[in-house]
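# Residue-level structure breakdown
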Amino acid sequence: MRIRDSDAELSVVAYDEATGDVVGTYLCQRKDRVGEIAQVAVRAPWRNRGIARSLAMRSLHQLKSAGCDTVRVFTSIGPDEADPTDGPYAMYRKFGFYPIARHLRFRKP
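What you see is a predicted model, and the numbers here were worked out from it, not measured in a lab.

## Here's the deal with unusual backbone geometry
Look at D32: it is not a glycine, yet its phi comes out positive at around 60°. With respect to the helices, strands and loops of the structure, D32 is situated in the loop between β2 (22-31) and β3 (34-42). The exposed category is assigned to D32, whose relative accessible area is 71%. Unusually for a residue other than glycine, N48 sits at a positive phi of about 65°. Looking at the element boundaries, N48 is found in the loop between β3 and α1 (51-65).

What follows is the structure, encoded as structure tokens:
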């Protein structure tokens, strides 16, 4: 999903109230009754504060309210692919998600 494909009514953005800076985003879209969470980011200074978890919860509520009965998440496994018990993988497992496919990305600098 590209940013321009996201649905503003389903996507969630967190701000720092003191500065107005964006600290995290969940960009979502809906295809029929299937919701997709495809672009997730929390800026480094605000990580490990529960922001991603809070945004995930809000996004799931938004998608359910929009009529989605299935939600897909596209994410990396985490810092250690041999032990996927950390990072995004572990967080989404707590929400009841489970892996169905794994895709590798390659990039040439």
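## A word on the pairing of strand β1 (residues 12-15)
Only one face of β1 is covered, namely the one carrying V12 and A14; the face carrying V13 and Y15 has none of its residues buried. As paired elements, β1 and β2 share four bridges and run antiparallel to each other. In the strand pairing of β2, V13 is matched with T25. Taking the residues between adjacent antiparallel strands as the criterion, β1 and β2 are bridged by six residues, where G20 takes a positive phi near 80°.

Thresholds, definitions, all that
Throughout this document, residue positions are counted from 1 along each chain, in the order its sequence is written. Two thresholds apply to this predicted model, a pLDDT of at least 70 for residue-level local features and 80 or more for giving and counting side-chain atom pairs, whereas whole-chain, interface and lining totals are computed over all residues. With hydrogens and water excluded, all non-hydrogen atoms of the structure serve as input to the side-chain values. Secondary structure elements are taken from DSSP: a helix is a run of H or I of four residues or more, a strand is a run of E of two residues or more, and numbering for both begins at the N terminus. Relative accessible area decides the class of each residue, using a 1.4 Å probe on protein chains only: under 20% of the type maximum gives buried, over 50% gives exposed, and in between gives partly exposed. We treat two strands as partners when DSSP finds at least two bridges between them.

All we've got here are geometric facts, nothing functional implied.
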